[in-house]
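# Structure at a glance
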Amino acid sequence: MSRRVLVVGSGPSAVHFAATVLQKGYEVTLLDVGREPPPKVLPGAHMTALKEQLPDPSGYFLGEAFDGVVLPALDREYYGIPPSKNYVFEPPPGFDFRTDGFEPLFSFAQGGLAEAWTGGCYPFNDVELSAFPFSYAALEPHYGEVARRIGITGEVDDLAPFLPVHEHLLPAHPLDPHSATLMEAYRRHRRRINQAFRTHVGRTRVATLSQDLGERRACTSSGRCLWGCPVDALYVPSQTLRALLREPAFRYHAGLEVLRFTIGEGGTVTEVQARPVSGGPLQTFPVDRLVLAAGTLSSATIVLRSVLAATGERVRLEGLMDNRQVLVPFLNLRMFGRPFPEESYQYHLLGLGIEAADPAEYVHGQITTLKTAMLHPIAQQLPFDLRTSLLVTRALHSALGVVNVNFHDRRRSGNTLALDPSDSDNERLQIRYAPDPDEPVRLRQVLGTVRRTLRLLACFVPPGMQHVRPMGASVHYAGVFPMTANGGRWTTTSACQSREFPNLYLVDGSTFPFLPAKNVTFTLMANAARVATVAF
Amino acid sequence: MTDRERLERECRVFTRLLVGQAPTEYVVSKYVEAHRAATAYTPRDRSDRWLVAGARRSPVAARLADAHARIFAPRSALRCKLVLLFAILETSPMHRRLEPNRPRAWALVFLGLAMSGAVGALAVAAGTAVFGPVRLVARALGREP
């Protein structure tokens, strides 16, 4: 068997797959559009210092076109994508899609969508893996290996029954004063919260270093997580890509949008066709084994185009999944009157787990206390003039927090990916998604539990400010080439090998047959490492 | 008065409203620059334009117009302009004026919140008494050619 692999994409799955097969002596060629991040500014400065020391601070925070300003709108997000992260979502020329019921985000950046993640690393447990053709034991060593590579902090606490404990867990970050008061309140009311609400609070697991790891420095509490960690304490996949570039057996071709592959005898993939984003003729790359790791939507698009070009068949892939997310803002009454820490880790430090009658339907929330967040998106939503709203948010800043509640998703036949038949170029993806009809009831019950728990933690949940994010917003896309034990069309083996094309592997979320209520990125990385170990 | 002068005046009035002092040259220049970069800050119709023109007169007028707009025209150009200025102020060296970040007694926080709420409610009532009829007249005059 050849020891050459062609990988498409540079997101978390791609780079950890590549890192693992390189260790096994393979030669890896990676094709990627590969948008690059802007240079880091004033790495030693914390958030407040940036506002005072940069020559054009508003230009940095709001962008040259001021697209970082969150203007009054009906769809209420509590923060915008900062201009320093615009490169993550910048599409190649001519890129287009159609969608119904889904608001997808695509990335063509080095490192993919996880360049803009918040670092939550939550292993799936056996219950959540029950639809997968393997158990937690098969993933555990790879969770440990990925944790060793990227650095994950956490504690063995009340969330451990829901978040399996793997090797190489670094000590958790110190709690900010707001999170500390929440934890104290939880300890006081723990029994009632556990028993009456079946809810548990503990530390989140985050891919942010609490101690130095290789060239990366431990978190300096600069409060700049959202804008891009200045010391690389927060892991992003482009860090692994940079390390791969030093490997002699690794070839990286950036500036290429992979369009399709060609199919030879017996369904074997023979070559990949890619379009240079700067223009020019298509480039082709011969394939021994092809690994698609471009993310569920992009990998599916490549397969759909390839099948249409080779056979004329318009395939409709079923079972698209994504986590519904609901933002529940709250005010911690114990924090009233206190100043907020200007030098602090910006993202979530606490998590909240809610048991369900079906353990696979466990609900996971991340509790973020707002320290260095922009206030204008919040102030404008209060029912007052902006001067009054400013005085109110100023008084409440240190007490502000938000729970990002994640819900599981299951594969349903009506949630599909196909090529848009009205597109004469046969390139445009069409996405259709409808939520589970039972979702409103589930949301109401769970959000009631979240509110009651917060009340016991001495927090007030302002009425009418809860925000149900649109499907697609969580960017945890999965499910259209599910791993199965028993075969089936457009499914993959337990090694993520296509059943249609024997030398094709899909190592991103597209092969997940179930989507628990957890950030999927850590499992993407661990599963990619698993595939590289068992199938290569 | 040129467009730029109008925007500069607007920025000064609105900054006085939000932080009680004049803006720095940097803030004014960013405010003007944003109006060149995006259309969201351009009034869409006569009613929107009159609201901005009224607000530009003084910080008190701006507060009343904004209180009215928050309820009755939440996506108006005036709201967008004020949110823009808020965003510029909180990302500029003037951020300390916007948010001093000092400890305060619990009771004072509650008292301040109660007073802010009361003033906010009064501003809505007064703003609607003043700007409600103005916007009704603007609408009654029909579409602009």
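As a starting point, this report considers the structure included with it. (Residues numbered from 1 in each chain as written. Chains lettered and ligands numbered in written order. Predicted model: local features only at pLDDT ≥ 70, side-chain atom pairs only at ≥ 80, totals over all residues. Heavy atoms only, no water.)

### Examining the packing of aromatic side chains
Aromatic ring pairs are described here by two measures, namely the spacing of the ring centres and the angle between the planes. Residues and elements named next belong to chain A. In the structure shown here, the tally under the stated rule is 24 aromatic pairs over all chains. Here phenylalanine 261 and phenylalanine 501 contribute two aromatic rings whose centre-to-centre distance is 5.4 Å and whose plane-to-plane angle is 75°, an arrangement assigned as edge-to-face. Of the two residues, phenylalanine 261 is situated in strand β8 (residues 256-263) and phenylalanine 501 in the loop between β21 (467-468) and β22 (504-506); the sequence distance between them amounts to 240 residues. In this structure, phenylalanine 261 and phenylalanine 501 share a single accessibility class: buried. Put simply, the rings of Phe17, Tyr26, Tyr505 and Phe536 pair up and form one aromatic cluster. Directly above the aromatic system of tyrosine 26 lies the positively charged group of arginine 3, at a separation of 4.4 Å from the ring centroid. The residue whose ring lies beneath arginine 289 is phenylalanine 536, and the NZ or CZ to ring-centre distance is 4.2 Å. (Phe/Tyr/Trp six-rings, centres within 6.5 Å; stacked < 30°, edge-to-face > 60°. Helix = DSSP H or I, 4+ residues; strand = E, 2+ residues; numbered from the N terminus. Buried < 20%, exposed > 50% of the residue type's maximum accessible area, 1.4 Å probe, protein only. Lys NZ or Arg CZ within 6 Å of the ring centre and 35° of its normal.)

### Some words on the interface of chain B and chain A
Often the size quoted for an interface is simply the accessible area lost on bringing the parts together. Between chain B and chain A, the residue contacts involve 47 residues of the former and 45 residues of the latter. Between chain B and chain A, a total of about 4100 Å² is buried, with carbon and sulfur atoms accounting for 61% of that surface. Taken together, the links from chain B to chain A amount to four salt bridges. The partner of B:Arg96 in a salt bridge is A:Glu52, with the nearest N and O atoms 3.7 Å apart. Between the two partners, chain B and chain A, sit 25 residue pairs in polar contact (both at pLDDT 80 or more). Contributing elements (two or more residues each) for the side of chain B that touches chain A: α1 (3-19), α2 (25-37), α4 (59-72), α5 (77-90), α6 (95-98) and α7 (106-140) of chain B. Counted by class, the side of chain B that touches chain A contains 27 nonpolar, seven polar and 13 charged residues. (Contact = heavy atoms within 4.5 Å. Buried area = accessible area lost by both parts, 1.4 Å probe. Salt bridge = Lys/Arg side-chain N within 4 Å of Asp/Glu carboxyl O. Polar contact = N/O pair within 3.5 Å; in protein donor to acceptor, adjacent residues only side chain to side chain. Nonpolar A, V, L, I, M, F, W, Y, C, P; charged D, E, K, R; others polar.)

### A few points about helix α7 (residues 237-244) of chain A
Residue and element names in this part refer to chain A. Summarising burial for α7: six of the eight residues are buried, a large majority. Along α7, the residues classified as buried are Pro237, Ser238, Gln239, Thr240, Leu241 and Leu244. The secondary structure elements touched by the buried residues of α7 are α1 (12-23) and β7 (250-253).

### Regarding the side chain of A:Glu257
Residues and elements named next belong to chain A. Turning to its location among the elements, glutamate 257 is positioned in strand β8. We classify glutamate 257 as buried; its relative accessible area is 6%. Not counting residues within four places of it along the chain, the set of residues in contact with glutamate 257 comprises Val33, Pro92, Phe95, Gln273, Ala274, Arg275, Val277 and Arg305.

### Structural notes on the pairing of strand β1 (residues 4-8) of chain A
Residues and elements named next belong to chain A. Among the five residues of β1, four are classified as buried, and the element is accordingly described as predominantly covered. Direction of pairing for β1 relative to strand β2 (residues 27-31): parallel, over a ladder of five bridges. In the sheet register, arginine 4 faces β2, and the bridge partner there is glutamate 27. Crossover handedness for the path β1 to α1 to β2: right-handed. Pairing analysis gives four bridges linking β1 to strand β11 (residues 289-292), with the strands arranged parallel. Bridge pairing in β11 links valine 8 to leucine 292. (Pairing = 2+ DSSP bridges. Right-handed = clockwise from strand over helix to strand, strands pointing away.)

### Quick word on the side chain of A:Asp232
All names here are of chain A. Relative to the assigned elements, aspartate 232 resides in the loop between β6 (199-203) and α7. Aspartate 232 sits in the buried class, given a relative accessible area of 17%. Those residues in contact with aspartate 232, other than ones at most four positions away along the chain, are Lys40, Arg216, Arg217, Gln239 and Arg242.

### Some thoughts on the nonpolar core
The biggest cluster of nonpolar side chains holds 136 residues, and the ones touching the most others in it are A:Phe17, A:Trp117, A:Phe250, A:Phe536, B:Phe14 and B:Leu78. For this core, the leading source of residues is α5(B), giving 11 residues. If sequence neighbours within four positions are ignored, A:Phe536 has contacts with A:Val5, A:Phe17, A:Val21, A:Lys24, A:Tyr26, A:Arg289, A:Val291, A:Tyr505 and A:Val531. Membership of the second largest hydrophobic core comes to 40 residues, among which are A:Leu317, A:Ile431, A:Val480 and A:Phe481. (Core = buried A, V, L, I, M, F, W, Y, C linked by side-chain atoms within 4.5 Å.)

### Focus on the packing of helix α5 (residues 136-150) of chain A against helix α12 (residues 521-535) of chain A
Residues and elements named next belong to chain A. With their axes 8 Å apart at the nearest point, α5 and α12 run at an angle of 115° to one another. One finds that α5 runs roughly perpendicular with respect to α12. As for the relative orientation of α5 and α12, their crossing is right-handed in sense. Residues Ala138, Leu139, His142, Tyr143, Val146, Ala147 and Ile150 of α5 form the contact with α12, whose participating residues are Phe522, Thr523, Met525, Ala526, Asn527, Ala529, Arg530 and Thr533. Of the residues in the contact of α5 with α12, the class split is 10 nonpolar, four polar and one charged. (Axes fitted to C-alpha atoms, helices over the stretch in contact; angles between N-to-C directions. Parallel < 35°, antiparallel > 145°, perpendicular 65-115°, else oblique. Left-handed = near helix turned anticlockwise from the far one by under 90°.)

### Things to note about the sheet that holds strand β19 (residues 429-432) of chain A
All names here are of chain A. Across the sheet, four strands lie side by side as β3-β19-β18-β12; this open sheet has mixed pairing. A single partner strand is all that each edge strand has here, and the edge strands are β3 (97-100) and β12 (317-318). Here strand β18 (residues 416-419) pairs with β19 via four bridges, running antiparallel. Counterpart to alanine 418 in the pairing with β19 is glutamine 430.

### Remarks on the sheet that holds β1(A)
All names here are of chain A. Spatial ordering of the open sheet is given by β7-β2-β1-β11-β22, a layout of five strands whose pairing is parallel. The open sheet is flanked by β7 and β22, the only strands paired with a single partner. Within this sheet the neighbouring strands show an average axis-to-axis angle of 20°, counted without direction. With four bridges joining them, β2 and β7 adopt parallel strand pairing. Within β7, the position partnered with leucine 30 by the bridge is tyrosine 252.

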